[in-house]
Structures are given as C-alpha cells and as structure tokens.
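If you want the building blocks of each chain, they are given just below.
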Amino acid sequence: METCLCEEVPKCTNFQSAICLHCNRRLCLLHITEHNQFVFSQYQQLTNEIEKMSQYINNEYEKTRDVYQTILTDVNNWRARQLEKIGEIYESHLQYVESRQETLSNTHQQLSELLDREARQPLKVTTDQNMITSRLWNHVQEIIKRVQHDSAQLKWNSLMSMALNRECLSINSSPKQVSSSSDIKVRRQKTSSYTLASLRQVNLRKFRPFKRLVSMFGNVKNVEHSKSEIVSYIGRQNPEMPIPNIISSFLAAWNRTTDVNEKNVILKEYTSLIRNYISFSPNDFSVLVGIHAFFFNKRIEECKRELMTTILHFFVDNNCLNVNQVIYWFKNKDENVYKGFDGAKQMTAPFIKSLWMNRIDNNQQAAVMQTDVEEREKKPFESL
Ligand SMILES: [Zn+2]
Ligand SMILES: [Zn+2]
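Because the structure is predicted, anything quoted here is derived from the model rather than measured.

(A) The arrangement of the coordination of the zinc ion (ligand 1) in detail. Only C20 (SG), H22 (ND1), C23 (SG) and H35 (NE2) from the protein reach the zinc ion (ligand 1) as donors, at distances of 1.8 to 2.7 Å. Every donor counted, the four donor atoms about the zinc ion (ligand 1) form angles of 87 to 121° at the centre, which fits tetrahedral coordination. Considered as a linear motif, the donors of the zinc ion (ligand 1) on their single chain read C-x1-H-C-x11-H. Taking the relative accessible area as the measure of exposure, C23 reaches 29% and is therefore partly exposed.

Laid out in structure tokens, this is it:
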C-alpha cells in the first residue's frame, strides 16, 4: 500500500496521482501542482540565462570584429610603409649600382682613348716611317704604365658586389647578428672577432678614441714599427677592443694633424691595417658606429657634413664600408635610434644625396676625367 503514496519528502500520506517527467517522482495532486510551479520557475531562470549568455557572446564577438578592422588597417598600413621603404632602399641601391657602372664604363672609355691616342697611333705612324725616337719610346711606355695604374679603378667595390643580404633588409626587427659564408670567404684572415651586437645598445661615449691608439695611428715617421705596435696593442686588450674604438681612434689621429701630407700618410698606411679588424657582416655596423663615435666624442663643429661625406666616401671607396649598409642605416631611422643617431643622420644626408647626384654628374665628370686621373695619381688621398 505504501508504494502508492506520494513520494514528496518529508513524508506525505496522500495517494500518488501523477509522475513528474522532470524528476520521475510520483506525487499527489497537491504536491505535483507545487512541484510544477517550482519546475516552471527553474525553466524561466534557465531561459533567461541562455538569453543572457547569447547576448554576451554576441557582444564579445562584435568587439572582436571592431578589433579585427583596426588590426587589418594596421597590417595594411604596415605593409604599405614597408613596401615604400623597400622601394626607397631599392632605388638608392639601383642608383648607386648604375652610377658605379657608368663610372666604370667612362673610365674604360677614357683609358682606351688615351691608349689609342697617345700610344697606339703615334707608334703606328713612327713604325711606318721606320724611326722611333727615345722620346716617343719613353712617352709610350709612360702611357702604358699610366693606363695600367689607372686600370685598378676598373673594379667593383668588393663589398658592393656581395649579394644583397636578406638580413640587410629585415624590416620587422633590429638587425640580427649573422655571419654569412661570403663574409668568411672575403675575410678569411680576419684578426678580430668583435661584432657589434645591436644598434639599440650603442653608447657612442663608450667608443671614444683611445689616447694610446691615436698617438700610434698618428705616427707618420716610422709607419711599419707603429703598425706592429698597433697590432700587438690591440691584441693585448682584454676584453677584445671594439672596432668602433679603433675606427674613432684612427679618425682622431687623422683629424689631429693639420699637415696635408701627414693626413695622407695616415690614411694610406693604416687603412689596410684597419680592414683586417672589420667583420664585414651586413648586420655589423661597427665601422659606421666608429665614424659616428669620432664625431660624437671629438665634438666636431666645423664643416661636419662635408667631413662626414668625405669620410664615408673614403671608407666605401677603400672597401672598409658597404654602401648598402649606410643606405640601410639611413633609411631605417625608426629602428635604430641611439644617442647621437639624429646628428649622425643629418650629417649623412649629403652623402646619401651624393650617391644620387653621382649619376647626374657622371656626364660632366667624363669631360674632366683625364685631368682628374692625373691629379689623383699625384695626390691619391688629398681629396680627403
Ligand atoms: Zn519533478
Ligand atoms: Zn503529496
């Protein structure tokens, strides 16, 4: 009999009259009504929760749509900026490469003409007449010698001919330290393993010229002795002497003397020595930073733009600095800020401009090249 009673707790003595589908309990009329009300209120609550949750996820999704639009705009703007930057760098490279090839072509033409006009033709005329004076003999020999000497200019800057390195154009981060196999080939006998880790950490004050090194680079009387002194001095440094210090010391020595001949000796004699210490990795900005450190620490005030242009051209022309690297550094201001950067950048602008101007000037240059070559032969470094 008890099994027919209402299952409500605490105990109800009424007979069962219905089964609740929600909890499978058998309840009396009173309790089933009560229970139904409870179930209905629970149902309402659940429905409300569903609606609330639905509203919530809709709102959240709407927010992501807004963010998506913002990010999409940012990404597209970034792409446009990078493409523009790459375009500019590409243009600079192209201008430089083309102007360089044009210069080489002009040089070749001038030398061919010189050889023909001053050697081949006079000799041909003379041989026909079966007489050759010692004066002509000497003249022709002199011309051949001169052409041979100037033919050294018929070369690409070895740094320029290195393939444009992918890392050199990295646009999303500061340049990483990478040494490619071509660097190893170029500088197999590299004396120093110093490389500058990152431009962000550059402190130009740290790269001030070393007094001892300045005085050794300034030695123009006993150059060979001084060279070996420099090598052993740098070798003794612990930790390894940073390249920028070597560069700034070299420039300080050159800047210190007012004697043009002494300046020329310093450049001519010590450049090859310095080259041994340079890493030539496209991502190692040591040489450039050394040049900046020279300007920063020596507080150069007079004609600093002209001085910077001349120094950069000298380093590029003498295979101590990759022109691509200078262009890259110049075009990537936002990434490579350090104290003294802005000043260096302003000073570098005329150099970058000169890369473009070279192309325009080449035609005029061709006309005066002959005298130019002769002048350079006498005073190879006086332009600096
Ligand atoms: Zn129930
Ligand atoms: Zn009951």
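Once the structure has been displayed, the description carries forward.
(B) Local environment of the coordination of the zinc ion (ligand 2). Protein coordination of the zinc ion (ligand 2) is provided by C6 (SG), C12 (SG), C28 (SG) and H31 (ND1), with donor distances spanning 2.1 to 2.5 Å. Here the zinc ion (ligand 2) binds four donor atoms, and the angle range of 103 to 121° at the metal identifies the geometry as tetrahedral. Ordering the donors of the zinc ion (ligand 2) by residue number gives the pattern C-x5-C-x15-C-x2-H. In this pair, C6 sits in the segment before β1 (18-19) while C28 sits in the loop between β2 (26-27) and α1 (29-128), placing the two residues 22 residues apart along the sequence.

(C) Broad picture of the environment of R299. In this fold, R299 is placed in the loop between α8 (286-298) and α9 (304-317). For R299, a relative accessible area of 57% gives the class exposed. Look past the residues within four positions of R299 in its chain and what remains in contact with it is R205 and F294.

(D) Just the environment of L251, in detail. Among the secondary structure elements, L251 is positioned in helix α6 (residues 243-256). Classification of L251 by relative accessible area gives buried; the value is 2%. Here the alpha-carbon distance between L251 and F294, two residues 43 residues apart in the chain, equals 6.6 Å. Leave out the neighbours within four places in its chain, and L251 touches I291, F294, I311 and F315.

(E) Quick look at the packing of aromatic side chains. If you walk through the whole model with that rule in mind, you get nine aromatic pairs. Aromatic side chains F40 and Y43 sit 6.3 Å apart centroid to centroid with 25° between the ring planes, which places their arrangement in the stacked category. Of this pair, F40 and Y43 are both found in helix α1, three residues apart, which corresponds to roughly one turn of the helix. Residue Y43 is classed as exposed on the basis of its relative accessible area, which comes to 54%. Both rings, one in W329 and one in F341, keep their centres 5.0 Å apart while their planes meet at 50°; by these two values the pair is tilted. Residue W329 is located in helix α10 (residues 323-331), and its partner F341 is located in helix α11 (residues 341-378); the two are separated by twelve residues in the primary sequence. In terms of burial, W329 and F341 fall into one category: buried.

(F) Broad picture of unusual backbone geometry. Put simply, V9 and P10 share a cis peptide bond, and its omega is -10°. Within the secondary structure, P10 sits in the segment before β1. Unlike most non-glycine residues, N319 shows phi in positive territory, near 55°. Residue placement: N319 occurs in the loop between α9 and α10. Take N319: its relative accessible area is 23%, and that puts it in the partly exposed class.

What counts and what doesn't
- Residues numbered from 1 in each chain as written.
- Chains lettered and ligands numbered in written order.
- Predicted model: local features only at pLDDT ≥ 70, side-chain atom pairs only at ≥ 80, totals over all residues.
- Heavy atoms only, no water.
- Donors = N, O, S within 2.8 Å, 3.2 Å for Na, K, Ca; no water.
- Tetrahedral: all angles 85-135°; square planar, octahedral: opposite > 155°, others 65-115°.
- Buried < 20%, exposed > 50% of the residue type's maximum accessible area, 1.4 Å probe, protein only.
- Helix = DSSP H or I, 4+ residues; strand = E, 2+ residues; numbered from the N terminus.
- Contact = heavy atoms within 4.5 Å.
- Phe/Tyr/Trp six-rings, centres within 6.5 Å; stacked < 30°, edge-to-face > 60°.

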